[in-house]
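Close look at the chain arrangement
For reference, the chains in residue letters:
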Amino acid sequence: LPLPLLLSFVLCAAGGAHDAARRSHRPAGFLLHRRRRRSPAFVLPGGGAIIRRRSSAAAGAAGGEDDGARPGDGGSSSSPYVGPILPPESELVAGVSLGELSLDLALAPSTVSPAGLGLYARLSDPDGVSSVTVPALALLGGYSREGTFESSDVGDKTVGFALRDADTGVFYERRLVSVGDAVRSAAETEGDGMCGLIGHELRLIEGGEEGEDEDGAPTTAIEVEPVDDGFPRYFVPELVNRGTAATDEDYTVQNFGQFCNDLAWNYDDPPSEAEEYAARSDEMNVVQLVWRMEYDPEGRCLRPSWPVSVFGRDVTFDNAEFMEIGTRYGWAYWQATVDLDKI
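Residues numbered from 1 in each chain as written. Predicted model: local features only at pLDDT ≥ 70, side-chain atom pairs only at ≥ 80, totals over all residues. Heavy atoms only, no water.

1. Some words on unusual backbone geometry
Let me state the cut-off plainly: Under the DSSP-based scheme used, a helix requires at least four consecutive residues in state H or I and a strand at least two consecutive residues in state E, with every element numbered from the N terminus.
Backbone geometry at Leu 137 places phi at a positive 80°, although glycine is not the residue there. Summarising the element assignment, Leu 137 is placed in the loop between strand E8 (129-134) and strand E9 (139-142).

What follows is the structure, encoded as C-alpha cells:
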C-alpha cells in the first residue's frame, strides 16, 4: 500500500443503539459491576467448517460426485468464493496448511498491490475434497503476534484500537465474546466488581426494556466510547518496527493476517462513492480483525494484546488454485490516499 495511513478496519460488531430508562455515568474506563441477565457469547456454528468430500469412486475425477458435508447436516448454499488468481509465474514466499479447515494459505506477490505481498487460500486436497464452507468468525490466523502500541500510526499496517460498541466481538480467555460480556466477566472473576476498558469510557444503562432479571436485580447494559486516556492505541506489527528486511522464517501463521489487501479498491477503476465501495467490499473482502484482550491487574481494566484475523462471513472455497483474499480498509482510508495523491 502506498501511504503510511491508519487502516480503518471494521471489527466484528453487531451494532445498534441501546434503549434505556435512565443512564448512570462513571469515571472514564471503569464499570461498577451489577447483576444482570447475561447475553449469549458468540458461538461458532456447529462443528466448524463444512467439508464436502468426493466419493472414493470419483476422487480426483473432474465433476465427480461428493458424499456430503462433514460435519453438518446438508452442507451450505453459499456461492463459492471467486478472487484474484495467483499468476503461475509468481513465487510463494511462505505457506501453511490449516488442517481443521482443509485450506492452504500462502504469501505471494499481491495481484492488487504488486509492490507488496498478498494472502492467498486454496483447498488443501482438491482431489479428495470438493468444497469447504468456513463459518463466519472462524479463526484464520494472527495479524501479528509481536508488535508494540504507539501514540501514532507507523507504516501502512498499523491498526487502531477503537471499539465501536459493547457488542463488538473480542477474544477473551480463549473465547469469542462481546466486549461488554468480557468486561463483566473480568469484573466478576478478576476485578472485585470493577473493571474498565483501556482507551474507552464505559457508561452503564440501567433499566431498559428488560427491567429486572429473574432474581429481581436491575438489568444493565454498557455503552462504549473511545476516549483519549493516554493509552497509545496504535498497534504496529513487529516486522514494521524492526525496519530490516524480513526472512522466510519471519513469516508464520501468527502474522499472515497483516498481508491481506483491500480487494474492493482498484486505482484503475476505483469506486465512485462510499455505497459502491461498501458493496464491493461486502462481495470481495472476506477477512476482518478481532482483538485479543487480557486483564491488567494494575490498571483493573481490559487491554488489547494483539489482533487476529477471522472470516467475516460464511465463505465457501472450491478452488484448487490459490486465490487472493482480502480485508476492508474503509472508504475514509482510500479517500485520504486519493486526496494526498492529488497534492
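Picking up after the structure, the text goes on.
2. Section: the side chain of Asp 296
This is how it is decided: Categorising residues by exposure relies on relative accessible area from a 1.4 Å probe, with only protein chains included: less than 20% of the type maximum marks a residue as buried, more than 50% marks it as exposed, and the intermediate range marks it as partly exposed. Counting of polar contacts relies on pairs of N or O atoms within 3.5 Å, with two restrictions inside protein: one atom must be capable of donating a hydrogen and the other of accepting it, and residues adjacent in sequence are counted only when both atoms are side-chain atoms. Contacts were defined at the residue level, with two residues in contact if any of their heavy atoms lie within 4.5 Å.
Note that Asp 296 resides in strand E18 (residues 285-296). On the accessibility criterion, Asp 296 (17% relative accessible area) is buried. Of note is the side chain of Asp 296, whose polar atom sits 3.1 Å from the backbone nitrogen of Glu 298. Apart from residues no more than four positions distant in its own chain, Asp 296 is found in contact with Cys 301 and Arg 303.

3. Looking at helix H3 (residues 274-284)
The periodicity of an α-helix, 3.6 residues per turn, causes residues three or four positions apart to be oriented the same way. Using the following cut-off: The arc in question is the one traced by the directions running from the helix axis out to the C-beta atoms.
Buried within H3 we find Tyr 277, Ala 278, Arg 280 and Ser 281. For H3, the buried positions fall inside an angular range of 165° around the axis, keeping them on one side. The exposed residues of H3 that point more than 90 degrees off its buried face are Glu 275, Asp 282 and Glu 283.

4. Re the environment of Gln 254
Looking at where Gln 254 falls in the secondary structure, it is placed in the loop between helix H2 (238-242) and H3. Look at Gln 254 and you get partly exposed, because its relative accessible area is 39%. For the pair Gln 254 and Glu 146, spaced 108 residues apart in sequence, the C-alpha to C-alpha distance is 8.6 Å. In this structure Gln 254 touches Gly 142, Tyr 143, Ser 144, Arg 145 and Trp 306, once residues within four positions along its chain are discounted.

5. With respect to the sheet that holds strand E10 (residues 147-150)
Inclusion rule: Note: two strands are recorded as paired if DSSP finds a minimum of 2 bridges between them.
Taken in spatial order, the 3 strands of this open sheet run E10-E17-E11, and their pairing is antiparallel. Unpaired on one side and paired on the other, E10 and strand E11 (159-160) mark the two borders of the sheet. Of the strand pairs in this sheet, E11 and strand E17 (residues 234-237) are connected by 2 bridges, and their pairing is antiparallel. Bridge pairing in E17 links Gly 160 to Tyr 234.

6. Structural notes on the packing of aromatic side chains
Going by this rule: In summary, the pairing rule links any two rings of Phe, Tyr or Trp, Trp by its six-membered ring, whose centres are within 6.5 Å, and it sorts them by plane angle into stacked for under 30 degrees, edge-to-face for over 60 and tilted for everything else.
The full count for this structure, using the stated rule, is 17 aromatic pairs. Relative to Phe 231, the ring of Phe 149 lies with its centre 5.3 Å away and its plane at 45°, an arrangement referred to as tilted. Pair noted here: Phe 149 is in strand E10 and Phe 231 is in the loop between strand E16 (220-226) and E17, with a separation of 82 residues, a long-range link. The two residues Phe 149 and Phe 231 agree in class, both being buried. Three or more aromatic residues joined by ring pairs form one cluster here, namely Trp 265, Tyr 267, Tyr 277, Tyr 329, Trp 331, Tyr 333 and Trp 334.

7. Some points on the pairing of E8
The element E8 is largely enclosed, with a buried count of 6 among its 6 residues. Two elements, E8 and strand E20 (residues 315-317), share 3 bridges in a ladder whose sense is antiparallel. What sits directly across from Val 132, in E20, is Phe 317.

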